[in-house]
Structures are given as C-alpha cells and as structure tokens.
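# Inside the fold
Each chain, letter by letter, is given below.
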Amino acid sequence: MMVAADMLQIALWIAFGAVATAQIMAMIRLVIGPHTGDRILALDTMVVNAIGLIVLLGIAQGTIIYFEVALIIAMLGFVSTVAYARFVLRGDIIE
Amino acid sequence: MMWETVATYAVAVCLIIGAIFSLVGSVGLLKFNDPMTRLHAPTKVGTVGIGALLLASMIHSYAIGHGALHELLIMGFLFVTAPISANFMAKVNIHRRDCDLPPPPPKDKTWSTMDVPAADREMAEQANP
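Residues numbered from 1 in each chain as written. Chains lettered and ligands numbered in written order. Predicted model: local features only at pLDDT ≥ 70, side-chain atom pairs only at ≥ 80, totals over all residues.

Below, the discussion takes up the confidence of the model for chain B. Predicted confidence across chain B gives a mean pLDDT of 89, with 99% of residues reaching 70 or more. In the predicted complex, the global pTM is 0.85; the interface-specific ipTM is 0.89. (pLDDT = per-residue confidence, 0-100.)

On the side of chain B, 50 residues touch chain A, which itself brings 47 residues to the contact. Only helix H1 (2-32), helix H2 (36-61) and helix H3 (67-90) of chain A provide two or more residues apiece to the side of chain A that touches chain B. Its residues placed into classes, the side of chain A that touches chain B shows 34 nonpolar, 10 polar and 3 charged. (Contact = placed C-beta atoms within 7 Å. Helix = DSSP H or I, 4+ residues; strand = E, 2+ residues; numbered from the N terminus. Nonpolar A, V, L, I, M, F, W, Y, C, P; charged D, E, K, R; others polar.)

Let us now look at the confidence of the model for chain A. When pLDDT is averaged along chain A, the result is 91, and 98% of the positions lie at 70 or above. The element-level mean pLDDT for chain A is lowest in H1 of chain A, coming to 91, with H2 of chain A highest at 94.

To continue, consider H3 of chain A. Counted at 1.5 Å a residue, the expected span for H3 of chain A with its 24 residues is 34 Å, and the 34 Å between its end C-alpha atoms agrees. Along H3 of chain A, the positions that sit buried rather than exposed are Phe67, Ala70, Ala74, Gly77, Thr81, Tyr84 and Ala85 of chain A. Considering only its buried residues, H3 of chain A is in contact with H2 of chain A together with helix H4 (71-95) of chain B. Immediately beyond the C-terminal end of H3 of chain A, within one or two residues, lies Gly91 of chain A, with a positive phi of roughly 80 degrees. (Expected span 1.5 Å × (residues − 1). Buried ≥ 20, exposed ≤ 12 C-beta atoms within 10 Å, placed from the backbone.)

We now examine unusual backbone geometry. Residue and element names in this part refer to chain B. In the Ramachandran plot, Arg97 falls in the positive-phi region, its phi being about 55 degrees despite a non-glycine side chain. Along the chain, the position of Arg97 falls in the loop between H4 and helix H5 (118-127). Under the C-beta neighbour-count criterion, Arg97 is labelled exposed, with 9 such atoms within 10 Å. Residue Ser112 is not a glycine yet carries a positive backbone phi of 65 degrees. By secondary structure assignment, the location of Ser112 is in the loop between H4 and H5.

Okay, structure coming up:
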C-alpha cells in the first residue's frame with residue numbers, strides 16, 4: 001500500500017512538471033508567434049493546460065471542489081477562442 | 001485494500017499518460033514551422049492529454065472514498081468544442097493568407113448561380129424530353 005501511495009506522489013510530481021513545462025512552451029509561442037492564428041492557438045492550448053493543472057491540484061489535495069472551476073474555465077476558454085477568431089474573421093464579434 | 005492499490009496504480013499510469021501527451025503537444029506547438037502544421041499538434045493536449053488527467057481524477061475520487069463522475073462533463077465539453085475552435089483557427093489562417101492556399105478555381109459563369117452548364121441542360125432534355 002505504501003509503495004502505491006509513493007508511486008502516486010512521484011507520478012503527480014512528474015505530471016505537474018510536464019504540464020507546467022507545456023504551459024511555459026505555449027506561453028513562448030504566444031509571445032513569439034508570428035501570425036495571429038498562432039497566438040489564438042497558443043491561448044487555447046494555455047486554457048486546456050490550465051484545466052489540467054487545476055485537475056492535478058484537485059488530485060494532489062484529495063478534494064473534488066475544483067471541478068466547478070475547471071468546468072467554468074473550459075467554457076470561458078472556448079467562448080474566448082471563438083470570440084478572438086470571429087473578431088479577426090469578421091471585424092466584429094456579435095453582428 | 002487490494003482494490004484501492006490497483007486504483008492508485010491506475011491513477012499513476014493515467015497521470016503519466018496525460019503528462020506525456022500534454023508535453024508532446026506543446027513541444028509540437030513550439031517546434032513546427034507552418035501555421036496549419038502547428039494547428040495539429042495541440043489537439044493531442046485537448047483530447048488524450050486532458051482526457052487522461054480527468055480519468056485519473058475520476059479514478060482517484062473513487063479510490064479515496066467519495067466517488068464522482070463529474071469530470072465526464074468537462075471531458076465531453078472539451079471533446080465537443082475542440083473541432084469547432086480548430087475550424088475557426090484554420091479559417092483565421094486562411095483569411096489572413098498565413099498558410100499555403102488551395103489553387104484558385106477555374107473561371108466559369110455557372111458556379112454558384114442559377115445558370116446551368118450547356119452539357120447538363122442537354123442531359124436533362126434527353127432524360128425527360
């Protein structure tokens with residue numbers, strides 16, 4: 001039993017490091033991204049990685065109270081991505 | 001006791017899978033050199049990466065005693081909305097001429113009009129004179 005708990009801790013640290021590294025890489029693409037489409041894509045990836053970090057925090061603390069936070073961030077991320085893309089495409093968000 | 005051990009190992013495996021896919025997707029986002037190619041890399045993060053992390057969260061909630069399947073909502077929402085946002089970003093790339101564009105269509109007078117090509121009109125007349 002102790003071995004399984006230790007392995008879960010190690011896996012949690014590895015997952016935290018990997019997702020945080022992924023978040024930093026997406027941020028680099030957001031800064032250097034030469035085109036507008038790349039910046040929108042980097043923001044979308046950062047939202048998904050933020051949901052992953054929140055889920056990892058919920059696993060690490062052993063609670064399920066972060067579920068609503070993750071769901072609301074997922075919805076806001078989709079709406080903001082579509083709003084950015086529509087603004088570039090149409091010059092207006094709601095016509 | 002045995003069941004909880006297996007569940008904890010399953011949580012660890014799901015976490016590793018999700019972490020690897022998140023990292024691979026972001027490395028692709030950073031390394032690829034064409035906007036449309038870059039569009040394809042983070043889809044791994046949006047499906048398998050976040051899906052494995054949410055699956056790990058669900059299994060962990062059962063392993064610690066109060067099980068819940070709430071994370072299926074986030075998973076379903078992300079899986080449904082990922083193609084829509086990807087389609088919008090591809091349209092942005094095409095709109096701003098940031099990628100290789102498809103060849104222009106051949107010029108004619110009938111495409112997207114009420115007019116019909118002469119060959120089709122002859123076929124229609126032969127079918128029902």
